[in-house]
Amino acid sequence: MNKLPTVLITGASSGIGATYAERFAHRGHDLVLVARDKTRLHALAARLRENSGVTIDVLPADLTQPADLAALETRLRDDASIGILINNAGMAQSGSFGQQTAAQIENLIALNTTAPTRLAAAVAPRFTQSGRGAIVNIGSVVGFAPEFGATIYGATKAFVLFLSQGLHLELSPSGVYVQAVLPAATRTEIWERAGVDVNTLPEVMEVGELVDAALVGFDRRELVTIPPLHVAERWDALEGARQGLLADVRQAHAAERYRRP
Ligand code: NAP
């Protein structure tokens, strides 16, 4: 029997990433767990090895640090056993746009956009060459909701969706599967880390429910999986409107309404 691909999960020390780790271990996949908190990663790895008998490697890394990111890129390029990349590590924004320092802006963009892009770029040539592999990017419904007020966070998540759609177009002809998962509010530490009490939110999905739904989309090879979206046709309509808009973009001349009388 063919061995299942190893899954490399970023942000595996808590929340959605730790739950992906549990689910993939249960399915029999070996894992590479990435995050900053070594102690938590080792504790999770020990528990999953014990329960599932899979092989688990712990790779502590701060994805905003160039040397750590470069080491991870090398691992993804060179380790042919890794066949699934879960780009999950991310952080939310605390405070309004006007309250952000330069360092906070840099950090948020580095973790939520630069890191997943570089990791996908590191692994894509190998996946393309072997004609298989999967890249899962965790976005957010905030990526199409500027109304939610988390402007930079939302912009990073809009980036993740676009990145996934573009990667799908470029890589799927070679047999590589790309999925964007867009959760809404989910009960994890991300809220507390951003200074928000999750219990003050009117509705929250439990993290197990979110990841199980995301894996239904994964198993169906869906490009965009939005577990909290109850009317799937809404997404289809948005995609249809986008295609319609593109059909009406004509490059040679400015539209009538922009011509001076
Ligand atoms: P979480 O429990 O806070 O998990 C975030 C993970 O990212 C942790 O494992 C954390 O581990 C890791 N991480 C943070 N900074 C890092 C860094 N500089 N380098 C490496 N790893 C880092 O939050 P979560 O909700 O599971 O978040 C996972 C993803 O889901 C994020 O991309 C988030 O934007 C997205 N999301 C979450 C929600 C929600 O409501 N929870 C909604 C939509 C989208 P260490 O601290 O050990 O590094």
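Okay, so let's go over this structure.

Rules behind the numbers
- Residues numbered from 1 in each chain as written.
- Predicted model: local features only at pLDDT ≥ 70, side-chain atom pairs only at ≥ 80, totals over all residues.
- Heavy atoms only, no water.
- Near = heavy atom within 4 Å.
- Polar contact = N/O pair within 3.5 Å; in protein donor to acceptor, adjacent residues only side chain to side chain.
- Areas by Shrake-Rupley, 256 points an atom, 1.4 Å probe, with all protein chains shown as cover.
- Nonpolar A, V, L, I, M, F, W, Y, C, P; charged D, E, K, R; others polar.
- Salt bridge = Lys/Arg side-chain N within 4 Å of Asp/Glu carboxyl O.
- Helix = DSSP H or I, 4+ residues; strand = E, 2+ residues; numbered from the N terminus.
- Buried < 20%, exposed > 50% of the residue type's maximum accessible area, 1.4 Å probe, protein only.
- Core = buried A, V, L, I, M, F, W, Y, C linked by side-chain atoms within 4.5 Å.
- Contact = heavy atoms within 4.5 Å.
- Pairing = 2+ DSSP bridges.
- Right-handed = clockwise from strand over helix to strand, strands pointing away.
- Axes fitted to C-alpha atoms, helices over the stretch in contact; angles between N-to-C directions.
- Parallel < 35°, antiparallel > 145°, perpendicular 65-115°, else oblique.

### Digging into the site of the ligand
Okay, step 1: Taken together, 31 residues are adjacent to the ligand, and Ser14, Ile16, Arg36, Tyr153 and Thr188 come closest.
Okay, step 2: In the environment of the ligand, an oxygen atom lies 2.7 Å from a nitrogen or oxygen atom belonging to the side chain of Arg36.
Okay, step 3: Separating an oxygen atom of the ligand from a backbone N or O atom of Ile190 is a distance of 3.3 Å.
Okay, step 4: With the chains in place, 97% of the 880 Å² that the ligand exposes on its own is no longer accessible.
Okay, step 5: Its residues assigned to classes, the shell around the ligand shows 14 nonpolar, 11 polar and six charged.

### Regarding the pattern of salt bridges
Okay, step 1: Scanning the model with the defined rule gives 14 salt bridges in all.
Okay, step 2: For Arg118, the salt bridge is made with Glu73, and the minimal N-O distance between the two is 2.8 Å. Of this pair, Arg118 sits in helix H4 (residues 102-130) while Glu73 sits in helix H3 (residues 66-78), and the two are 45 residues apart along the sequence.
Okay, step 3: Taking the relative accessible area as the measure of exposure, Arg118 reaches 32% and is therefore partly exposed.
Okay, step 4: One network of salt bridges, in which partners are shared, links Glu22, Arg23, Arg47 and Asp212.

### Some points on the nonpolar core
Okay, step 1: With 33 residues, the main nonpolar core has Ile9, Tyr20, Phe24, Leu31, Leu33, Ile86 and Phe218 as its most contacted residues.
Okay, step 2: With residues up to four places along the chain from it excluded, the contact list for Tyr20 reads Ile9, Ile86, Val136, Ile138, Val181, Val211, Ala214 and Leu215.
Okay, step 3: In this structure, Leu72, Leu76, Ala89 and Ala115 belong to the second largest nonpolar core, which totals 25 residues.

### Some details on the pairing of strand E1 (residues 6-10)
Okay, step 1: Counting buried residues in E1 gives five out of five residues, a clear majority hidden from the surface.
Okay, step 2: Both E1 and strand E4 (residues 82-87) contribute to a ladder of four bridges, which runs parallel. Its bridge partner lying in E4, Val7 is registered against Ile84.
Okay, step 3: Looking at chain direction, E1 and strand E2 (residues 31-35) are connected through four bridges and run parallel. Residue pairing across strands places Thr10 opposite Val34, the latter belonging to E2.
Okay, step 4: Handedness of the crossover joining E1 and E2 through helix H1 (residues 15-26) is recorded here as right-handed.

### Let's talk about the packing of H4 against helix H5 (residues 151-171)
Packed helices, taken two at a time, are described by their axes: the angle between them and the distance between them.
Okay, step 1: The geometry of H4 relative to H5 is characterised by a closest axis approach of 10 Å and an angle of 10 degrees between their N-to-C directions. With respect to each other, H4 and H5 are oriented roughly parallel. Taking contact as the criterion, the partners of Ile105, Leu108, Ile109, Asn112, Thr113, Thr117, Ala120, Ala124 and Thr128 in H4 are, on H5, Ile152, Tyr153, Thr156, Lys157, Phe159, Val160, Leu163, Leu167 and Leu171.

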